[in-house]
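Now for the letters of each chain:
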Number of protein chains: 2
Amino acid sequence: MGFGCCKKRKNSQELTDVERAIEIVINNFHCYAVKGRKECITPNELRDLVGQRLPHLAESVGTLDDKIECHGDGDEAKLQFGEYWSVMGDAAKGCRVTKSKK
Amino acid sequence: MGFGCCKKRKNSQELTDVERAIEIVINNFHCYAVKGRKECITPNELRDLVGQRLPHLAESVGTLDDKIECHGDGDEAKLQFGEYWSVMGDAAKGCRVTKSKK
C-alpha cells in the first residue's frame with residue numbers, strides 16, 4: 001500500500017529542493033492516512049509507513065512503538081499530522097547521530 | 001550562502017524518496033548552521049534559510065519571527081535541530097492548509 005499514490009504538484013519545478021522534500025514528506029502522510037481520510041493516521045498505518053518508506057532510517061526510530069502505542073488501539077487511534085512530523089523528526093535525529101558516528 | 005554546500009550521501013540511490021527528502025531537510029540545516037558548526041543554528045541563520053530555501057512556503061511560517069525571537073539574540077542564540085525541525089513542520093502544516101483550501 002501507499003506506493004505511487006501521491007499526487008504531484010503541477011508547478012513542482014518551481015519549488016526549491018527543500019520545498020520539494022517537505023512536499024514529499026507531506027504526500028507520504030496523505031498516502032498512508034487512509035482511514036483518517038488524509039487528516040490523521042492510525043498507529044498501524046504509521047508502522048506500515050515507517051517499515052516500507054523508511055527502511056534505512058527505521059532503526060533510528062527505535063522508540064516509535066513506545067510513542068505510538070500510548071495513543072491507543074492500532075487501528076482506531078488517530079495521530080495528527082504534527083505527531084507524524086515529530087516521528088519523522090526522530091528518524092532525522094537518529095540519522096544525524098548515525099552519520100556523525102561514522 | 002548555503003547553496004550547493006551540502007555533501008551527498010554516496011549510496012543515496014538506495015534510499016527511498018522519503019528518506020532522500022528527510023536527508024535533504026537535514027543537509028539544509030547543516031548548510032546554514034555555520035556558526036554552531038552544524039550542531040545548532042542561530043535565529044538569523046534560520047531566517048536566511050527560510051527566506052532563501054522556502055520562498056514559497058515562507059508565508060506559511062508566519063509565526064516564525066515570534067518563535068525565534070524568544071530564543072534571544074539573532075546572532076548568538078542557538079537553536080537545536082529539533083527546533084529547526086519544528087519550524088519546518090510549521091511550514092509543512094501551512095502548506096497542507098493552503099493546498100486544502102484550493
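Since the structure is predicted, the reported quantities are computational estimates derived from the model, not experimental observations.

Chemist: Looking at this structure, how should I read the overall build of chain A?
Modeler: Across its full length, chain A carries four helices and two strands. Within chain A, the fraction of its 102 residues that count as buried is 46%. Across chain A, contacts joining residues at least 24 apart in sequence account for 59% of those joining residues at least 6 apart. Total accessible area on chain A is roughly 5400 Å²; 50% of this is exposed by carbon and sulfur atoms.

Chemist: Quick question: what am I supposed to make of the packing of aromatic side chains here?
Modeler: Both the distance between ring centres and the angle between the ring planes are used here to describe each pair of aromatic rings. Applying the stated rule across the entire model yields nine aromatic pairs over all chains. On the basis of an interplanar angle of 25° and a centroid distance of 4.8 Å, the ring pair of A:Trp85 and B:Trp85 is categorised as stacked. Of the two residues, A:Trp85 sits in helix α4 (residues 81-101) while B:Trp85 sits in helix α4 (residues 81-101), which places them in two different chains. B:Trp85 carries the same exposure label as A:Trp85, and that label is buried. Relative to B:Trp85, the ring of B:Phe81 lies with its centre 6.0 Å away and its plane at 35°, an arrangement referred to as tilted. Of the two residues, B:Phe81 and B:Trp85 are both situated in helix α4; the distance of four residues between them amounts to about one turn of the helix. In terms of burial, B:Phe81 and B:Trp85 fall into one category: buried. Through pairs of rings, three or more aromatic residues link up here, namely A:Phe29, A:Phe81, A:Tyr84, A:Trp85, B:Phe29, B:Phe81, B:Tyr84 and B:Trp85.

Chemist: Any chance you could explain the interface of chain B and chain A here in plain terms?
Modeler: Where interface size is given, it is often the accessible area lost as the parts come together that is meant. Each partner contributes to the interface: chain B provides 35 residues, whereas chain A provides 35 residues. Taking both sides of the interface into account, the surface hidden between chain B and chain A amounts to around 3100 Å²; carbon and sulfur atoms contribute 65%. Counting the contacts that link chain B with chain A gives two salt bridges. Residues A:Arg53 and B:Asp17 are paired through a salt bridge, measuring 2.5 Å at the closest nitrogen-oxygen approach. Put simply, chain B and chain A have seven residue pairs in polar contact (both at pLDDT 80 or more) between them. It is helix α1 (residues 17-32) of chain B that contributes the most residues to the side of chain B that touches chain A, 13 residues altogether. When the residues that make up the side of chain B that touches chain A are grouped by side-chain class, the tally is 16 nonpolar, eight polar and 11 charged.

Chemist: Before we go on, may I ask you to explain α1(B) in this structure?
Modeler: At 3.6 residues per turn, the α-helix brings residues three or four places apart onto the same side. If you check α1(B), its first and last C-alpha atoms are 23 Å apart, about what 16 residues at 1.5 Å a residue would give, namely 22 Å. For α1(B), a buried count of 13 out of 16 residues is recorded, marking the element as mostly surrounded by other parts of the structure.

Chemist: Would you mind going over the nonpolar core with me for this structure?
Modeler: Nonpolar side chains in soluble globular proteins tend to end up buried together. Residues A:Ile22, A:Met88, B:Ile22 and B:Met88 are the most contacted members of the largest nonpolar core, which totals 50 residues. Sequence-distant contacts of B:Ile22, that is, excluding residues within four places in its chain, are made with A:Val25, A:Leu54, A:Leu57, A:Met88, A:Ala92 and B:Trp85.

Chemist: Where do I start with the relation of the copies chain B and chain A in this structure?
Modeler: Put simply, the two copies of the chain differ by a rotation about an axis and a shift along that axis. Once chain B is rotated about the relating axis by 180° and shifted along it by 0.0 Å, it coincides with chain A to within an RMSD of 0.0 Å. Such a turn and shift between the copies fits a two-fold axis. Considering only C-alpha atoms, the residue of chain B closest to the rotation axis is B:Ala21, which sits at 2.1 Å.

Chemist: Any chance you could explain the environment of B:His56 here in plain terms?
Modeler: Summarising the element assignment, B:His56 is placed in the loop between α2 (43-53) and α3 (64-69). In this structure B:His56 comes out as partly exposed when scored by relative accessible area, which is 35%. As for B:His56 and B:Cys95, which are separated by 39 residues in sequence, their C-alpha atoms are 9.1 Å apart. Residues in contact with B:His56, not counting those within four places in the same chain, are A:Glu14, A:Leu15 and A:Glu19.

Criteria and thresholds
Starting afresh in each chain, residues are numbered from 1 along the sequence in its written order. Chain letters and ligand numbers both follow the written order, the letters beginning at A and the numbers at 1. pLDDT decides what is reported in this predicted model: residues at 70 or higher carry local features, side-chain atom pairs at 80 or more are listed and counted, and totals for whole chains, interfaces and linings draw on all residues regardless. Excluded from the side-chain calculations are hydrogens and water; all other atoms, namely the structure's heavy atoms, are used. A helix here means a DSSP run of H or I that spans at least four residues, while a strand means a run of E at least two residues long, and both kinds are numbered starting from the N terminus. Think of it in three bands: residues with accessible area under 20% of the maximum for their type are buried, residues over 50% are exposed, and the middle band is partly exposed, with areas taken using a 1.4 Å probe on protein chains only. When checking whether two residues touch, look at their non-hydrogen atoms; a contact exists if any pair is within 4.5 Å. Reported accessibility uses the Shrake-Rupley method at a 1.4 Å probe radius. Residues are deemed covered only where the shown protein chains occlude them. Each aromatic pair joins two rings of Phe, Tyr and Trp (for Trp, the six-membered one) with centres within 6.5 Å, and gets the label stacked for planes under 30 degrees apart, edge-to-face for over 60, and tilted for any other angle. In short, buried area is how much 1.4 Å probe accessible area vanishes from two parts on joining, totalled over both. The rule for a salt bridge is simple: a side-chain nitrogen of Lys or Arg has to be within 4 Å of a carboxyl oxygen of Asp or Glu. The term polar contact refers here to a pair of N or O atoms within 3.5 Å; inside protein, the definition further demands a hydrogen-donor-capable atom paired with an acceptor-capable atom, and it admits residues adjacent in sequence only when both atoms are side-chain atoms. In this classification, the charged set is Asp, Glu, Lys and Arg, the nonpolar set is Ala, Val, Leu, Ile, Met, Phe, Trp, Tyr, Cys and Pro, and all remaining amino acids, among them Gly, are polar. To estimate how far a helix should reach, multiply one less than its number of residues by 1.5 Å. Here, nonpolar core means buried Ala, Val, Leu, Ile, Met, Phe, Trp, Tyr and Cys residues that are tied together by side-chain atoms lying within 4.5 Å of each other. When the copies are superposed, the least-squares fit draws on C-alpha atoms of residues that have pLDDT of at least 70 in both.

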